[in-house]
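# Structure assessment
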Amino acid sequence: MAETMGDRKLLILYGSQTGTAQDVAEKISREAKRRHFSTRVMSLDSYTVANLLQEELVIFVCATTGQGDPPDNMKLFWRFILRKNLPSTSLLNLKYAVLGLGDSSYQKFNVIAKKLFKRIQQLGGESLVPVGLADDQHDLGPDAVVYPWLNSLWNCVLGLYPIPSGLEIIPSHVRPPPRYNVIYSNKGADLSDFRLGNHGDNVYSQSNPFYARLMSNDRVTSEDHFQDVRLVRLDIQGSNISFSPGDVVLLAPQNSQETVNEFIQHMKLSPDTLFSLQQNDPDIPLPTTLPDVCTVEYLLQHYMDINSVPRRSFFELLVYFADNELEKEKLEDFCTAEGQEEVYSYCNRVKRTILEVLQDFPHTSANIPFEYLFDVVPQLQPRSFSIASSLQAHPGEIQILMAVVQYRTKLFRPRRGVCSTWLAGLDPSQGVHVPIWVKRGTISFPKDSATPVIMVGPGTGCAPFRSFIQERSSNLIPGNILYFGCRNKDKDFFCESEWTSLVERGLLTLYTAFSRDQDDKVYVQHRIQESSEALWNLLDKHNAYFYIAGNAKRMPDDVRDALKAAVQKYGGKTAVEADKYLLQLDQKKRYQAETWS
């Protein structure tokens, strides 16, 4: 039997930005283990891509981010797999499947999954099933595609790799072993040292962040404005961190003390209990972001995403611990295809958190052994922000513009963003440090200082443009055109004095749209319409670059439509020709958009 099992190796590679693709990859792994496969789950960038030549069976799960970009943890893999010099016979041994996680409200819906599927086929891979294209916009979310796709995948895989004789599929009601073994310890844990101990090199990452001193986190909207936006300044002196305009800083956030205390109380844990983890499965490495000896409180504050909205896999795991009839019945309903609308109403629509769900199922949560929390509760993900400052203008620091997320749903408690609430609540005078690392952004600016740059950045979308404008202004380079939009001139015009001064010095052309300062709402696209002749002149005669960044579903399309109208009117083009012209700008990287929902 050992020989037969040895052939049953499955590799699951994921590219994940928010953790959903990772969650799905781990679900596939659990399903595979029930079918007696030896499985490994890895992010695409932590996998040595040359080893793909030796693999027989691989499932790719990948998200698409921004405007058709690969997630951060698959960028290196992506660059390699697209290399023109790879022979078309490279992956002849490979049988593969690709599942994409996307959002059809974006123009480039699931484009990474589609391209990856095609590329592996070009390199000789044999696809098992058609590419799966899950959609966040579906009434039932991505699961509406994921689950039927998985059923057809397993039918195909078991046709090629039948269950070894004498074995059968482990029933889904049999609880899988925990991800890790927990060893309780009496040894003291020096967590302060762990938190501030950079490991001696300057390659900062999630497992080795730089602890930047918080210099300030000043509110830049008026006190009577509904939205609290902060300009956060972080001291990076001595780190050797460098960045360019358009780059992104990632922060490792912390859960609020209030929710940590509630979780500890509800789960009847002791905050000071010391433990360490041991591998329970040779294919699952230990977490790199926890100290060797850890307290329960540290784990819940820094590692477990107790305030996230649970995914379907959370309920599937919870069922294993349900012995109360009412709770068990409800949880089993939540795991069926028919129950997904109810899950959506119960969780997603009102943004109910994992902590709140556990409180709603007290009998079940009382049965969860501590070691299974690592299976049930996902890992707290880093948050990324466009850097809003330039090293030339502000040496030794990184600045970000951050909206503090707080809103109400039908639930009694207001919903609060984990990272923004934590960061806004820190007091710079207390000498606090924030774990950060920097990554290349998806926006890249032209190197030629003679190139005019048109930037459309309403709200906090102006962040990467502030960085670029500061960089150019420090070198007295003009040709910077910014369209900035917000609600009111007196309430949320963040950088008014900074930009007004640059306008007076001839280094910036500024168009503003204050949507609520008059009866008719005025947005950035209206300002583009009003200045469309000058815009066309910059694009046509001066090879200008055009950028959009911001938090809105409709804004990028409205801006593109306004630009298209300018190309038609002043470039004398038909609608089809104008589309083609914008596509050419896109391909030459002269039209770039970075948007988020």
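Residues numbered from 1 in each chain as written. Predicted model: local features only at pLDDT ≥ 70, side-chain atom pairs only at ≥ 80, totals over all residues. Heavy atoms only, no water.

## Here we look at the overall build of the protein chain
Heads up, the condition is: Elements are defined by DSSP. Helices are runs of H or I of four residues or more, strands are runs of E of two residues or more, and each kind is numbered from the N terminus. Using C-alpha atoms as the atom set, the radius of gyration is obtained and then compared with a globule rule of 2.2 Å times the number of residues to the power 0.38. A simple rule labels every residue: compare its accessible area, found with a 1.4 Å probe on the protein chains alone, to the largest value its type can have, and call it buried under 20%, exposed over 50%, or partly exposed in between. The contact criterion used is simple: two residues touch if any of their non-hydrogen atoms lie within 4.5 Å. Under the convention used here, Asp and Glu are negative, Lys and Arg are positive, and both His and the chain ends fall outside the count. Charged side chains are reduced to one point each, which is NZ for Lys, CZ for Arg, CG for Asp and CD for Glu.
For the protein chain, the count of helices and strands is 21 helices and 22 strands. What you see for the protein chain is a C-alpha radius of gyration of 26 Å, in line with the 25 Å of a compact globule of 597 residues. C-alpha atoms of the protein chain, sized along the principal axes, occupy 80 × 60 × 50 Å. Burial status across the protein chain gives 53% buried among its 597 residues. Pairs at least 24 apart in sequence give 76% of the contacts found in the protein chain among residues at least 6 apart. Averaged over its 63 positive side-chain charges, the protein chain has a centre that lies 5 Å from the centre of its 70 negative ones.

## Digging into the pairing of strand β14 (residues 397-403)
Quick reminder of the rule: Only when DSSP finds a minimum of two bridges between them are two strands counted as paired.
Counted residue by residue, β14 has six buried out of seven residues, so it is predominantly covered. Alignment of strand β9 (residues 229-235) against β14, held across seven bridges, turns out to be antiparallel. Among the inter-strand pairings, V232 is bridged to a residue of β14, identified as I400.

## Quick notes on the sheet that holds strand β21 (residues 545-551)
Two pairing modes exist for strands in a sheet, parallel and antiparallel, and in both the strands are linked by backbone hydrogen bonds. Quick reminder of the rule: Every angle, taken between N-to-C directions, lies between 0 and 180 degrees, and every axis is a line fitted to C-alpha atoms, over only the stretch in contact when it is a helix.
As summarised here, the arrangement of the five strands in space is β20-β19-β18-β21-β22, forming an open sheet in which the pairing is parallel. Whereas interior strands pair on both sides, the edge strands pair on one side only; in this sheet they are β20 (509-514) and β22 (591-596). Neighbour to neighbour, the strand axes of the sheet diverge by 10 degrees on average, direction disregarded. Judged from the four bridges that link them, strand β18 (residues 453-456) and strand β19 (residues 480-486) form a sheet pairing that is parallel. Across the sheet, residue I454 finds its bridge partner in β19, namely I481. On top of the sheet, helix α19 (residues 532-542) reaches β18, β19 and β21; it is set at about 135 degrees to β18, its chief contact.

## Considerations on the sheet that holds strand β7 (residues 180-185)
Overall, antiparallel pairing links the three strands, which are arranged β7-β11-β12 in an open sheet. Every other strand in the sheet has two partners, leaving β7 and β12 (294-295) as the edge strands with one partner each. When β7 meets strand β11 (residues 274-279), the two strands line up antiparallel, connected through six bridges. Among the inter-strand pairings, S185 is bridged to a residue of β11, identified as L274.

## Looking at unusual backbone geometry
Although it is not a glycine, L476 sits at a positive phi angle of roughly 55 degrees. By secondary structure assignment, the location of L476 is in the loop between α16 (463-474) and β19. On the accessibility criterion, L476 (58% relative accessible area) is exposed. The phi dihedral of N543 is positive, around 50 degrees, even though this residue is not glycine. Positionally, N543 belongs in the loop between α19 and β21. Here N543 falls in the partly exposed class, since its relative accessible area comes to 48%.

## So, the pattern of salt bridges
Heads up, the condition is: Salt bridge, as used here, is a side-chain nitrogen of Lys or Arg placed within 4 Å of a carboxyl oxygen of Asp or Glu.
The final tally for this structure, using the stated rule, is 24 salt bridges. As a salt-bridge pair, R179 and E26 come within 3.1 Å of each other at their nearest N and O atoms. Of the two residues, R179 is situated in the loop between α5 (143-160) and β7 and E26 in helix α2 (residues 20-34); the sequence distance between them amounts to 153 residues. The two residues R179 and E26 agree in class, both being buried. Between R40 and E55 there is a salt bridge, with the nearest N and O atoms lying 3.0 Å from each other. Residue R40 is found in strand β2 (residues 38-43), and its partner E55 is found in the loop between β2 and β3 (57-63); the two are separated by 15 residues along the sequence. A relative accessible area of 27% means that R40 is categorised as partly exposed. Shared partners join several salt bridges into a network, and the residues in it are K27, E31, R34, R35, R312 and E316.

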